[in-house]
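One letter stands for each residue in the lines below.
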Amino acid sequence: MSDVQFKQIVSHAKEYGFVFPSSEIYDGLSAVYDYGPNGVLLKNNIKEYWWKHMVQLHENIVGLDSAVFMHPRVWKASGHVDAFHDPLIDNKDSKKRYRADNLIEEHIAKIEAKIEKEVKKARKRFKENFDEAKFLAESPRVQKYRTQIEEIQSRLSNALKENNLKELKQIIIDLEIADPVSGSRNWTDVKQFNLMFETQMGATEQSASSLYLRPETAQGIFINFNNVLKTSRVKIPFGIAQIGKAFRNEIIARQFIFRMREFEQMEMQFFVRPGEEMKWYDVWKEKRLQWHLSLGFDASLYRYHDHDQLAHYANAAADIEFRFPFGFKELEGIHSRTDFDLSRHESFSGKKLRYFDPETQKSYVPYVIETSIGLDRMFLAVLSASYAEETLPDGSTRTVLRIPAILSPVKAAVLPLVKKDGLPEIAREIFDDLKWDFQTIYDDKDAIGRRYRRQDAIGTPFAVTIDHQTKEDGTVTLRHRDSMQQERIHKNELKNILKNTLNLKTWLG
Ligand code: GAP
């Protein structure tokens, strides 16, 4: 998908009430977005699809909704006060600010693009005799590029590991990286920038104490570990799932709702016996990919990326990456967080956060496997994989969102062919019946073709048209969004067809 198409998706999202820039009448607020009438429906459906999979379908996972505000020591214990930062660098000429590691990664991506170009050229030259694997292994140019990439990656990874900001700048200088906007190489030193938003709680300045807006929902789960253990009948291994807002003062926030300053996470912490974490890490890596695949998008849109460089709390980590319009990027993280968080909260709070295992008769701090997905990122993944512009056999075009029906904002549109002859009355009756079970739209404005297009554009899987024949035999036309095929069915069959299509078991079973 090209950049142009990404821009079209962004403007489609706005035009059809999915996503609006925040505070637009005041010229917007950078990297903050609002969800419109269709957006909130899609977002809620994604949440529900995740929540039902996690909490309803797993006997050993319970839910939680913890507060955004937490005691400030939570973030000291979690390591976020000291280690949750990004290395930033300013260009002195353009006054633009960048993440130093991103500038280097973008340079690596450019070298990768050169390799792809070599492959393309060779494919053209050798045609059907082309052996890509052999070419990649033997081409001296490709080898040269690969060595360059490896060298840069190793320097970058060491610099980040050692928190060596001087070396980060040196890499930028050595690679002659220029400001993408101005082309200038006039860089400041690299500084660390903490991503947490700080705010005050309290009535007066003197009595107020500093708080952070949570940068992840996970800590709310850890600090409620004892509460959940005491009040639910969970036994190890068990999970606690939560959906909620998180806030990060991202240095650069681009690419629409991909990287926001206020966003929502769907996280699950799975508590296991120490020593069993790798087994469960593999289980959750696979389960989460299956959840994504259950939506029916092409499997080639997803891939794993195993981390070499681990966060301060992890002993293994992988991303499920999704092919967004701007390339493969992280959609979800699966992390083996060891006993880091619970142990740190034990020592900072002085309270025991342990599990007494009736099988082993031992008490221990459980290890944790975390699955963490950004709801807004998932929304963008669904939107971009669903968006299609099609030329129809009659030469006309349509824009359609092929959203999986289970997630579609509206499930059915009820459309009387004309606004007379008693058709609206029958259509209303059908609408009033369907609305109890499904998000349904009643639309009698414009020609029927235009109404179909409107529903295609918001991803409504079914359109029900009431015409003069309905008056005679109770049948309606059911139009399917993706195939555009129409079938004649009795109006009494509608509910069952919708129920079968939206049956959770057929999606997640
Ligand atoms: N508790 C672990 C954690 O927060 P993370 O990799 O920093 O890990 C998890 O974030 C997920 O949250 C990411 O995979 C991404 O989907 C989403 N996410 C992170 N930062 C985001 C941002 N600025 N805007 C939107 N989504 C974001």
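Everything below is about the structure printed above this text.
Residues numbered from 1 in each chain as written. Predicted model: local features only at pLDDT ≥ 70, side-chain atom pairs only at ≥ 80, totals over all residues. Heavy atoms only, no water.

Caption draft 1: View of helix 11 (residues 277-293). Spanning 17 residues, helix 11 covers 24 Å between terminal C-alpha atoms, matching the ideal 24 Å at 1.5 Å per step. Within the span of helix 11, buried status applies to Glu 277, Trp 280, Tyr 281, Trp 284, Lys 285, Arg 288, Leu 289, Trp 291 and His 292. One side of helix 11 holds all its buried residues, which, seen down the axis, span an arc of 165°. (Helix = DSSP H or I, 4+ residues; strand = E, 2+ residues; numbered from the N terminus. Expected span 1.5 Å × (residues − 1). Buried < 20%, exposed > 50% of the residue type's maximum accessible area, 1.4 Å probe, protein only. Arc of directions from axis to C-beta.)

Caption draft 2: Region of the structure containing the packing of helix 2 (residues 37-56) against helix 11. With their axes 12 Å apart at the nearest point, helix 2 and helix 11 run at an angle of 140° to one another. Put simply, helix 2 runs oblique to helix 11. In this structure, helix 2 meets helix 11 at a crossing whose hand is right-handed. Facing helix 2, whose interface residues are Tyr 49, Trp 50, His 53 and Met 54, helix 11 presents Trp 284, Arg 288 and Trp 291. (Axes fitted to C-alpha atoms, helices over the stretch in contact; angles between N-to-C directions. Parallel < 35°, antiparallel > 145°, perpendicular 65-115°, else oblique. Left-handed = near helix turned anticlockwise from the far one by under 90°. Contact = heavy atoms within 4.5 Å.)

Caption draft 3: Representation of the packing of helix 2 against helix 13 (residues 375-386). Look at helix 2 against helix 13: their axes get within 10 Å of each other, and the N-to-C directions meet at 110°. Relative to helix 13, helix 2 is oriented roughly perpendicular. In this structure, helix 2 contributes Gly 39, Leu 42, Lys 43, Ile 46 and Lys 47 to the contact, and helix 13 contributes Leu 375, Asp 376, Met 378, Phe 379, Val 382 and Leu 383. Residue composition of the contact of helix 2 with helix 13, by class: seven nonpolar, one polar and three charged. (Nonpolar A, V, L, I, M, F, W, Y, C, P; charged D, E, K, R; others polar.)

Caption draft 4: Layout of the packing of aromatic side chains. Following the criterion strictly, the structure yields 21 aromatic pairs and no others. Taking 5.3 Å as the distance between ring centres and 80° as the angle between the ring planes, the aromatic pair formed by Tyr 33 and Phe 256 counts as edge-to-face. With Tyr 33 in strand 2 (residues 33-35) and Phe 256 in the loop between strand 9 (238-247) and strand 10 (262-272), this pair connects stretches of sequence that are 223 residues apart. Of the residues examined, Tyr 33 reaches a relative accessible area of 23% and is grouped as partly exposed. Considering the side-chain rings of Phe 258 and Phe 326, the 5.4 Å spacing of their centres and the 80° angle between planes classify their relative orientation as edge-to-face. Of this pair, Phe 258 sits in the loop between strand 9 and strand 10 while Phe 326 is found in the loop between strand 12 (316-324) and strand 13 (327-338), placing the two residues 68 residues apart along the sequence. Both residues of the pair, Phe 258 and Phe 326, belong to the buried class. Taken together, the ring pairs connect Phe 6, Phe 258, Tyr 302, Phe 322, Phe 324 and Phe 326 into an aromatic cluster. (Phe/Tyr/Trp six-rings, centres within 6.5 Å; stacked < 30°, edge-to-face > 60°.)

Caption draft 5: Expanded view of the site of the ligand. In the vicinity of the ligand there are 22 residues, among which Glu 216, Glu 250, Met 260, Glu 267 and Glu 330 approach most closely. At 2.8 Å, a side-chain N or O of Arg 248 approaches an oxygen atom of the ligand. Separating a nitrogen atom of the ligand from a backbone N or O atom of Met 260 is a distance of 2.8 Å. When the ligand sits alone it has 550 Å² of accessible area, and the protein chains cover 93% of it. Those elements that place two or more of their residues in the shell around the ligand are strand 10, strand 13 and strand 16 (367-374). With six residues, the top contributor of residues to the shell around the ligand is strand 13. (Near = heavy atom within 4 Å. Polar contact = N/O pair within 3.5 Å; in protein donor to acceptor, adjacent residues only side chain to side chain. Areas by Shrake-Rupley, 256 points an atom, 1.4 Å probe, with all protein chains shown as cover.)

By themselves, these figures tell us nothing about what the structure is for.
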